[in-house]
Amino acid sequence: MLKFIGPGLMVTVGFIDPGNWASNIAAGSEYGYKLLWMVTLSTIMLIVLQHNVAHLGIVTGECLSEAATRHIKKRYSIPILSSAVLAAISTALAEILGGAIALNLLFKLPIKLGTVLILALIIYMLLSNSYYKLEKWIIGFVSLIGLSFIYELSLVNVSWNEAVYGWTHISIPNGSMVIVMSVLGAVVMPHNLFLHSEIIQSRQWNLEDEAIQKKQLSYEFMDTLFSMIVGWAINSAMIILAATTFFNNRVHVTELGQAKDMLTPLVGSGASLIFAIALLFAGISSTITAGMAGGSIFAGIFQESYNIKDAHSKVGVIGILVIAASAVFLISNPFDGLIYSQMLLSIQLPITVFLQIYLTSSEKVMGKYKNSTFTKIILWVIAIILTILNGMLLVSFIK
């Protein structure tokens, strides 16, 4: 089993990025335990979607972007994949910004200088590391972030009855729709669907041997399930921590730096330091995966797999990260920038999900491994829920 752990955790780190931190802290500080249900619902949808798209990678040997380019007419595939590139840029923006905020919290570096340093570090790491090395980095980062929040939770008094109720009961308080959608977009992220299908097939398994293929499909689900549950626990811990330290004390949080400083009198100086260090780890590791996803999407447009030594992958990675870092310089309020970047992801998400359903349900693409009727029903229900939630978001803006 341990040999197959890795691809799922690469995805997990994408939905415990700084954008998640902002969304979860906003959810917990404004509404207490009430929005925990969205983490639960989002994670359930995520497990289904990531498991399904991983099958595409294993069965076809192609990532979602490659498969779209190969099997869909260009007049449809180009706009769809272009929107996915924009989603990758939005993701990278939040992650680079989060890393820069962490450097500011730890070393008082200006946000813009921190942005440049994070950008340079990530480009260096992506240009010089293999998948295998990056997976070990990511597993290490995820472990440290998880341990950080276990430590944080040990310092506060959690109302577990309220937490369980929040996890299992749907509630959308007045004015919460933007935060609800930002939590959704921060967990079920479109670039992760492209990334998972790329990573899972990049291991160059013998796709012609049906026995090996079945084995990979079996172990993939355990990797995905384990990794997504880890992500659910960390995201839940963020909301619970914000609820216990800020909501219960009626503290309004408007920026991550404020959250770190406010933790000090509430739960001790150690907590605020751990918070900042974990945020830095989250920013670095999630920016790595965002860059890889962006490179994979861009290379797929040219029917190529992600390979950092290849020109298209390299242009995709560097271009997306540089554009995202440049956008940071235009943001006046970093905390709002993080939240709205996650909301934008939720708007693009149904497009990617409908693309995925079409490809994985096609016998031409998947052969005998195409979606069963039951799987198609589940996927369509998820797609419809995502579309309805986006409609509710639009209505909330119109009002």
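For clarity, every value in this text was computed on a predicted model and none was experimentally measured. (Residues numbered from 1 in each chain as written. Predicted model: local features only at pLDDT ≥ 70, side-chain atom pairs only at ≥ 80, totals over all residues. Heavy atoms only, no water.)

1. Things to note about the overall build of the protein chain
Stage number 1. Helix and strand counts for the protein chain come out as 17 helices and 0 strands.
Stage number 2. In terms of overall dimensions, the protein chain is globule-like: its C-alpha atoms have a radius of gyration of 20 Å, near the 21 Å expected for 399 residues.
Stage number 3. Summarising its shape, the C-alpha atoms of the protein chain cover approximately 60 × 45 × 45 Å along the three principal directions.
Stage number 4. When burial is assessed residue by residue, the protein chain has 59% of its 399 residues classed as buried. (Helix = DSSP H or I, 4+ residues; strand = E, 2+ residues; numbered from the N terminus. Rg over C-alpha atoms; globule rule 2.2 N^0.38 Å. Buried < 20%, exposed > 50% of the residue type's maximum accessible area, 1.4 Å probe, protein only.)

2. Regarding helix H14 (residues 311–328)
Stage number 1. Compared with an ideal rise of 1.5 Å per residue, which puts 18 residues at 26 Å, H14 spans 26 Å between its outermost C-alpha atoms and is within 8% of the ideal.
Stage number 2. Among all positions of H14, only Ser313, Gly316, Val317, Ile320, Leu321, Ala324, Ala325 and Val328 are buried. The buried residues of H14 all sit within an arc of 140° when viewed along its axis, so they share a single face. Turned more than 90 degrees away from the buried face of H14 sit Ala311 and Val315, all of them exposed.
Stage number 3. In this structure, the buried residues of H14 make contact with helix H5 (74–107), helix H6 (111–128) and helix H13 (269–301). (Expected span 1.5 Å × (residues − 1). Arc of directions from axis to C-beta. Contact = heavy atoms within 4.5 Å.)

3. Regarding the packing of H5 against H13
Stage number 1. Across the interface, H5 lies against H13 with an axial gap of 8 Å and an inter-helix angle of 160°. Here H5 lies roughly antiparallel to H13, going by the angle between them. Of the two possible hands of crossing, H5 and H13 adopt the one that is left-handed. (Axes fitted to C-alpha atoms, helices over the stretch in contact; angles between N-to-C directions. Parallel < 35°, antiparallel > 145°, perpendicular 65-115°, else oblique. Left-handed = near helix turned anticlockwise from the far one by under 90°.)

4. Section: the side chain of Thr289
Stage number 1. With respect to the helices, strands and loops of the structure, Thr289 is situated in helix H13.
Stage number 2. When near neighbours in sequence (up to four residues on either side) are disregarded, Thr289 contacts Met10, Val13, Gly14, Ile138, His191 and Leu195.

5. Observations regarding unusual backbone geometry
Stage number 1. In this structure, Lys108 is a non-glycine residue whose phi angle is positive, near 60°.
Stage number 2. Inspection of the secondary structure puts Lys108 in the loop between H5 and H6.
Stage number 3. With a phi angle near 60°, Gln303 is a residue other than glycine that sits in the positive phi range.

6. Overview of the pattern of salt bridges
Stage number 1. This model, assessed by the stated rule, comprises 2 salt bridges.
Stage number 2. In this structure, Glu62 and Arg70 form a salt bridge, with 2.4 Å as the shortest nitrogen-oxygen distance.
Stage number 3. Its relative accessible area of 47% is what places Arg70 among the partly exposed residues.
Stage number 4. As a salt-bridge pair, Lys370 and Glu363 come within 3.6 Å of each other at their nearest N and O atoms. (Salt bridge = Lys/Arg side-chain N within 4 Å of Asp/Glu carboxyl O.)

7. A look at the side chain of Ser65
Stage number 1. Counting through the fold element by element, Ser65 comes out in helix H4 (residues 64–71).
Stage number 2. Setting aside chain neighbours within four positions, we find Ser65 in contact with Leu81, Phe194, Ser296, Ile297, Gly300 and Ile301.

8. Some words on the packing of H6 against H13
Describing two packed helices takes the angle between their axes plus the distance from one axis to the other.
Stage number 1. Remark: H6 packs on H13, axes separated minimally by 10 Å, with the N-to-C direction vectors making an angle of 55°. If you check the angle between H6 and H13, you find them oblique. When the axes of H6 and H13 are compared, the crossing they make is right-handed. On H13, the residues touching Ile118, Leu121, Ile122, Met125 and Leu126 of H6 are Leu280, Ile284, Thr287, Ile288, Gly291 and Met292.
Stage number 2. Within the contact of H6 with H13, the residues separate by chemical class into 9 nonpolar, 2 polar and no charged. (Nonpolar A, V, L, I, M, F, W, Y, C, P; charged D, E, K, R; others polar.)

9. Things to note about the environment of Leu41
Stage number 1. Position of Leu41 among the secondary structure elements: in helix H3 (residues 36–60).
Stage number 2. Using a relative accessible area of 24% as the deciding quantity, one classes Leu41 as partly exposed.

10. Points about a nonpolar patch on the surface
Stage number 1. On the surface, Ile170, Ile172, Phe354, Trp380, Ile384, Ile388 and Met392 cluster together into a nonpolar patch covering about 660 Å² of accessible area.
Stage number 2. By the secondary structure assignment, Met392 is in helix H17 (residues 373–398).
Stage number 3. Accessibility expressed as a relative area gives 35% for Met392, which makes it partly exposed. (Patch = residues over 30% accessible without salt bridge, like charges linked within 9 Å, V, L, I, M, F, W, Y side chains within 5 Å. Areas by Shrake-Rupley, 256 points an atom, 1.4 Å probe, with all protein chains shown as cover.)

11. What to know about H4
Three- or four-residue spacings in an α-helix give side chains the same orientation, since the helix completes a turn every 3.6 residues.
Stage number 1. Most of H4 sits out of view: 6 of its 8 residues are buried.
Stage number 2. Within H4, the full set of buried residues consists of Leu64, Ser65, Glu66, Ala67, Ala68 and Thr69.

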